[in-house]
Structures are given as C-alpha cells and as structure tokens.
Amino acid sequence: MSYYASDLLTGRVALITGAGTGLGRRMAERMAGVGARIALVGRRADKLGEVARAIEAAGGAAAAFPADVRDVAQVQAAVDGVVARFGRLDILVNNAAGNFLCPAEKLSPNGWNAVINIVLNGTFFFSRAAFPHLAKDGGSILNILAAYAWLAGPGTVHSASAKAGVLAMTRALAVEWAPHRIRVNAISPGPIHTEGTDKNLWSAAPDLEARIIRQVPLRRLGTADEVADAALFLSSDLARWITGQVLPVDGGHWLGNGVYDWNPARGTAAT
Ligand code: NAP
C-alpha cells in the first residue's frame, strides 16, 4: 500500500545501499512502486537479485550493483554502473550498516573499524561518488541513523560513534551542498524486526523485545513500511524545502515514557 501518488518518483533513479534485506529492501520496493528506477547495492548478489526480481514482477525497474560500501573503488564502480545503466542518479539512500553488541572494553580494533568503515566511511564514500550526478538536476541524500547517535546505551559505542558521525555529516553536507540543490536528510528508525536486529541485537536476552516495547510510547515495534513511507517523503519533491533534518520514525521511542505513569481513568499519577 502507498499513500503517495503513483508517479511521485517517475523519471528518478534511486540508489539504495543495504537494499537486499530489511529496511533497505522495503524502501527500494516503495520507491519503485511510485515510478523510480532502483539501483540495489549490497555485498550479497543473490539477495539483491531477489529484490530486483520482486520489483520487476510488480511492474517496476531495478538492477543489482553488488558492492562493499567500505571499498572506494567498488563504490565508484557501482555509481558509474548505475549512471551507465539508467543515465542519471537523483536519490541516494545510505542505509547499509553492520552492528553487534559488545562491551566497549572488549571491543577489538577490528570490530571498531568494521562498523566505522561501513556506517561512517561508507556513507561518505557513496555521497562523494554520487555528488556530481546529484548536482546535475538537484537531488536528495537520505542517511539512516539510529537514536544512539545522540543517546547513550551500553554495548553500542562503535555504532553510536559511527551514527553520530553520520548525523554530523548530514548537517554538514546539507549546508555545503545546498547551492548544488542537493538536500541531505536522515531518518532515525525505532525498533523494527529485520535480519540485522533479529540476528545481532535482539537475541541478546529472551525478554528484550518486551522490554523495548515498554519503552515505546506508542507501545509497539515499528514496521519497515513505516520507515519506507518516511523515506519516500524525504526523498521526493514533497520535502523540497527540507534539508539537514533528522526525522525519528520510532513511535516516540527516543523520548521515552518519562517517570510518571499517568492513567486518566485512574485519575492519579504514579511513578
Ligand atoms: P539489515 O537487514 O541487517 O540490513 C543491513 C544491510 O546492509 C544488509 O542488506 C547488508 O547486506 C548491508 N551491508 C552490510 N554491510 C555492508 C557493506 N560492507 N557493504 C554493502 N552493504 C552492506 O538491517 P536493517 O535493520 O534493515 O538496518 C537498515 C538500517 O536501519 C541500518 O542503517 C540500521 O542501523 C538502521 N536501523 C535499524 C533499526 C531496526 O530496528 N531495524 C533501528 C535503528 C536503525 P550485505 O550483508 O549483503 O552486504
């Protein structure tokens, strides 16, 4: 289902990293559903092929460009390949990430570097390679954050540091590239079941999901569709006067619930 006009992105080409699974896949499908031609980037060609076939079966256009976002040469080759194939590039979504929980004092330099390289460096490498194409007719970059970019939480120092860097990059590039009519925004998704969260995060404790839900004011997990809707909005002309912003799509998760449990039916506030 889409709330948007079916031709909202007709004529546009969108490159999405980490598009073979989870939120990236759903953003790709949603943008394809309103006319964008989609370039799917990730390391696993089989996953990207699956998504390309699903998009084409639904009447859209998509092609896979396998690449590791950490590798500058592969990033450049992917962007060149997209422009050779589709003739232009209008939208970049930097969504690829790697994550795992680890106490800071036990985090190896390799573990630190892996996450910084994928999230922080990968976002910059793709933004830089996409720049000349986005600057031609004006374009959009959308970065995918997480609330630990500005909140603290044990076990996430590598991801928090990387995402905080991407938050700063979002604002810096929004200002620097505004004269080129490139908008740069970010979404901070709340907790959503995906391959990444199921395997690397939520298996940490059996009651973790229930505890997470209790921290969400809207009292449920999100869905990939909800992130895809916001991504489509920010990447389209509907958001043409919006740049340098972060939109949390998280049921209020980052705000928390406060310390009072106010129940109007009871008429009391209790801690
Ligand atoms: P996911 O299913 O694990 O997706 C991550 C994607 O990134 C995978 O498709 C993976 O594909 C790709 N990737 C990883 N390393 C890569 C590399 N070096 N080069 C190219 N691609 C790479 O996780 P997700 O939950 O959908 O996460 C998507 C984004 O949302 C991430 O930025 C994440 O931090 C953010 N986020 C998610 C949640 C949530 O609850 N789901 C909450 C907050 C933020 P390959 O392995 O094939 O390369």
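Fair warning: this is a prediction, and the values are worked out from it, not measured in the lab. (Residues numbered from 1 in each chain as written. Predicted model: local features only at pLDDT ≥ 70, side-chain atom pairs only at ≥ 80, totals over all residues. Heavy atoms only, no water.)

Although it is not a glycine, arginine 181 adopts a positive phi angle of roughly 60 degrees. Along the chain, arginine 181 falls in the loop between helix H5 (157-176) and strand S6 (182-189). On the accessibility criterion, arginine 181 (52% relative accessible area) is exposed. (Helix = DSSP H or I, 4+ residues; strand = E, 2+ residues; numbered from the N terminus. Buried < 20%, exposed > 50% of the residue type's maximum accessible area, 1.4 Å probe, protein only.)

A few words now on the site of the ligand. In the vicinity of the ligand there are 27 residues, among which Thr21, Arg43, Arg44, Asn95 and Thr194 approach most closely. Threonine 21 has a polar side-chain atom sitting 2.7 Å from an oxygen atom of the ligand. When isolated, the ligand has an accessible area of 880 Å², and the protein chains bury 90% of it. Looking at the shell around the ligand, the elements with two or more residues in it are helix H1 (22-33) and helix H6 (195-200). Residue composition of the shell around the ligand, grouped by class: twelve nonpolar, nine polar and six charged. (Near = heavy atom within 4 Å. Polar contact = N/O pair within 3.5 Å; in protein donor to acceptor, adjacent residues only side chain to side chain. Areas by Shrake-Rupley, 256 points an atom, 1.4 Å probe, with all protein chains shown as cover. Nonpolar A, V, L, I, M, F, W, Y, C, P; charged D, E, K, R; others polar.)

Taking 1.5 Å of rise per residue, twelve residues should cover 16 Å, and H1 covers 17 Å from first to last C-alpha, within 8% of that figure. A positive backbone phi angle near 105 degrees is found at glycine 35, which sits one or two residues after H1. (Expected span 1.5 Å × (residues − 1).)

Looking now at the pairing of strand S4 (residues 91-94). Residues Ile91 and Val93 line one face of S4 and the alternating positions Leu92 and Asn94 line the opposite face, and both faces are buried. Here three bridges tie strand S1 (residues 13-17) to S4, and the two strands are oriented parallel to one another. Across the sheet, isoleucine 16 pairs through a bridge with valine 93, a residue of S4. Of the pairings in the sheet, the one linking S4 to strand S5 (residues 139-144) comprises four bridges and is parallel in character. Note on S5: the bridge partner recorded for isoleucine 91 is serine 140. Handedness of the β-α-β unit built from S4, helix H4 (residues 109-137) and S5 comes out right-handed. (Pairing = 2+ DSSP bridges. Right-handed = clockwise from strand over helix to strand, strands pointing away.)

Nothing here speaks to function; it is geometry throughout.
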